[in-house]
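Listed below, chain by chain, are the residues.
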Amino acid sequence: MSEQLIVPWDIDGTLEDDFFVPQYIWDMSEVVLTHYDLKVSNLEVITTKADKGGLIWKMDTDKGPFSLKILHRRPGRSRFSLGAQEYLVKEKGARVPPLYKTKSGENYVEMGGKLWFVAEWVEPLYPVGNDLEGAKLLCHALGEFHRLSKGYVPPKGSENPSRIHRWPKSYEKTIKKMDWFRNIANVYPEMTASKAILAHVDMFEEQAKKAYEQLQHSSYYELAARGNTAWGLVHQDYGWSNGQMGPDGMWIIDLDGVAYDLPIRDLRKLITGQMDDMGYWDVNWMKGMIESYHEANPIEDALYEILLIDMSLPNEFYKNVKEMVYEPTLFLDTEVETLCNTIAETDKSKWPAIEELREWKGVKST
């Protein structure tokens, strides 16, 4: 009889209880925990990825608090991230949660087509302030993470996720989708947000084309040629919740999605996301964030140029409207209309800010 596979239990997002876990997964957890030398007195659901089949519990045990986590990705992909977590702790002394081994010395248990693992529950952890000083702490921790992750070689049986050579394709995809957005808005002119998208998409498409051209004429290909281990890992989902203050400094958690890439992508996401939240491209914030990152992981001139090019993409517009291709009649509402107009207004302060960063020599000393 084949083993039951773990599948998403809230694909359409209609489940009202965010902490609901199917009984068969609770049953599996009991079996998984027999592989560990731990006496569990309480198991508390902390968060679920019900749309993907992932889950985190907090466990009270005879040896202190631990987390039990189901990784929703393919087992080979999850082996990569768990290997990275072990490498960062054991080889580099990084502040990421240490894994707790099974009785047989493994990093995980495979069940239901997923990898399950136990890690130390680091406490206390708390978010840094949502201000410039907090942002600097986040960026310094990110730079340290990138620097320490260099040299990681995944264990056998792992996938080898790398985005280092995918930048041109990613830029091309952004350009292509702009035409899709335009066509869909033209097909649904009666939808509230269509007018706003049509008002701005030409401008953002031109920005994407220019950024792609700049990438092609930059040092990107020379940098990418250095290879995976030379650059190390990016987190891919780094922000105020995944970088937190704890014992002895900043800790980075939730490493499930780490991959090889040019590290500047994480920093760019953090900066542009913050500028979007603020509704204005604040150069002082940007300089402070870049300087703090640079202190922990020096940014060479060629990589700094890639950072500015990646900022030049219409990242926030693309990120916020790309879901329209799936269900335009539901997506193109008043909220999206307001969002598009706000992004376009914020964009006006973006270009003088990038130009000032281009002229700024604060970090270009490597």
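Presented here is a report on the structure given in the accompanying data block. Sequence order sets the numbering: in each chain, residues are counted from 1 along the sequence as written. At least 70 in pLDDT is required for a residue's local features to be given in this predicted model, at least 80 for side-chain atom pairs to be given and counted, and no such filter applies to totals for whole chains, interfaces and linings, which use all residues. Processing note: side-chain calculations cover all non-hydrogen atoms of the structure and skip hydrogens and water entirely.

To qualify as a helix, a DSSP run of H or I must reach at least 4 residues; to qualify as a strand, a run of E must reach at least 2; elements of each kind are numbered from the N terminus. Looking only at helices and strands, the protein chain has 13 helices and 10 strands in total. Radius of gyration: over C-alpha atoms. The globule rule applied is 2.2 Å multiplied by the number of residues raised to the 0.38 power. The C-alpha radius of gyration of the protein chain comes to 22 Å, within 12% of the 21 Å expected for a compact globule of 366 residues. With respect to the three principal axes, the spread of C-alpha positions in the protein chain is 60 × 55 × 35 Å. Burial classes follow relative accessibility: with a 1.4 Å probe on protein chains only, a residue under 20% of its type's maximum area counts as buried, one over 50% as exposed, and anything between as partly exposed. By residue count, 53% of the 366 residues in the protein chain fall in the buried class. Per-residue and other accessible areas follow the Shrake-Rupley method at a 1.4 Å probe size, with only the shown protein chains counted as cover for residues. Summed over all atoms, the accessible surface of the protein chain reaches about 17300 Å², with 50% contributed by carbon and sulfur.

This part is about empty space enclosed by the protein. Any space left empty among the atoms is revealed by the rolling of a water-sized probe across them. Only protein atoms enter the calculation, which uses a 1 Å grid: trapped sets of points that fit a 1.4 Å probe without letting it out are cavities, open sets showing protein on both sides within 12 Å along at least five of seven lines are pockets, and any residue with an atom within 4 Å of a point is a lining residue. Grid points are joined across faces, edges and corners, and a volume is the space filled by probe spheres set on the points. Within the structure shown, the criterion is met by three cavities of 30 Å³ or more. The wall of the largest cavity is formed by 15 residues, among which Trp-281, Glu-316, Ile-343, Asp-347 and Lys-350 lie closest to the centre. Residue assignment for the lining of the largest cavity shows that the elements contributing at least two residues are helix 5 (194-216), helix 8 (264-278), helix 11 (315-321) and helix 13 (334-359). Sorting elements by how many residues they give to the lining of the largest cavity places helix 13 first, with four residues. Polar here means any residue outside two lists: the nonpolar Ala, Val, Leu, Ile, Met, Phe, Trp, Tyr, Cys and Pro, and the charged Asp, Glu, Lys and Arg; Gly therefore counts as polar. In terms of residue class, the lining of the largest cavity is built from seven nonpolar, four polar and four charged.

Right, let's talk about the pairing of strand 6 (residues 114-120) for a bit. On any regular strand, side chains alternate: one points to one face of the sheet, the next to the other face. Burial of strand 6 is extensive: six of the seven residues sit out of reach of the surface. We call two strands paired when DSSP finds no fewer than two bridges between them. Where strand 3 (residues 64-71) lies against strand 6, six bridges are found, and the strand directions are antiparallel. Bridge pairing links Leu-71 to Leu-115 in strand 6. Relative to strand 6, strand 4 (residues 99-100) is paired through two bridges, and the arrangement is antiparallel.

All right, on to the nonpolar core then. We call a set of buried residues a nonpolar core when its members are Ala, Val, Leu, Ile, Met, Phe, Trp, Tyr or Cys and they connect through side-chain atoms within 4.5 Å of each other. Ranked by size, the top nonpolar core spans 60 residues in total, and within it Leu-267, Ile-306, Met-311 and Leu-357 carry the most contacts. Residue contacts for Ile-306: discarding those within four places in its chain leaves Trp-167, Leu-215, Ser-218, Tyr-220, Leu-223, Leu-262 and Ile-264. Within the second largest apolar cluster, 23 residues are counted, among which are Ile-6, Val-21, Met-59 and Ile-70. Contact criterion: two residues are considered in contact whenever any of their non-hydrogen atoms come within 4.5 Å of each other.

As a volume, the second largest pocket reaches approximately 170 Å³. Lining the second largest pocket are Glu-206, Gln-207, Lys-210, Ala-211, Gln-214, Ser-312, Trp-351, Ile-354, Glu-355 and Arg-358. Counting residues per element, the ones that place at least two in the lining of the second largest pocket are helix 5 and helix 13. For the lining of the second largest pocket, the element with the most residues is helix 5, which contributes five residues.

We now examine the packing of helix 10 (residues 301-312) against helix 13. Working convention: axes come from line fits to C-alpha atoms, limited for helices to the stretch in contact. Angles between N-to-C directions cover 0 to 180 degrees. For the pair helix 10 and helix 13, interaxial distance at closest approach is 11 Å and the crossing angle is 175°. Taken together, the axes of helix 10 and helix 13 lie roughly antiparallel to each other. On helix 13, the residues that touch Tyr-304, Glu-305, Leu-308, Met-311 and Ser-312 of helix 10 are Lys-350, Trp-351, Ile-354, Leu-357 and Arg-358. Counted by class, the contact of helix 10 with helix 13 contains six nonpolar, one polar and three charged residues. In this scheme, roughly parallel covers angles under 35 degrees and roughly antiparallel covers those over 145, while 65 to 115 is roughly perpendicular and the rest are oblique.

Turning to the environment of Phe-204, a few remarks are in order. With respect to the helices and strands, the residue Phe-204 is situated in helix 5. Using a relative accessible area of 1% as the deciding quantity, one classes Phe-204 as buried. For the pair formed by Phe-204 and Phe-317, sequence separation is 113 residues and the distance between their alpha carbons is 7.7 Å. The residues contacting Phe-204, other than those within four sequence positions of it, are Met-178, Pro-314, Phe-317, Ile-343, Ala-344 and Asp-347.

Here we take up the packing of aromatic side chains. Aromatic rings from Phe, Tyr and Trp, with only the six-membered ring used for Trp, were paired whenever their centres fell within 6.5 Å, and each pair was classed as stacked if the ring planes differed by under 30 degrees, edge-to-face if by over 60, and tilted otherwise. Overall, the coordinates contain 14 aromatic pairs when judged by the stated rule. Considering the side-chain rings of Phe-80 and Tyr-152, the 5.3 Å spacing of their centres and the 75° angle between planes classify their relative orientation as edge-to-face. One end of the pair, Phe-80, is in helix 2 (residues 75-90); the other, Tyr-152, is in the loop between helix 3 (132-149) and helix 4 (167-187), with 72 residues separating them in the sequence. According to the relative accessible area criterion, Tyr-152 is buried, its value standing at 1%. Each ring, one from Tyr-152 and one from Tyr-260, has its centre 6.4 Å from the other, and the planes form 40°; the classification is tilted.

Take it as geometry only, folks, not as evidence of what the structure does.
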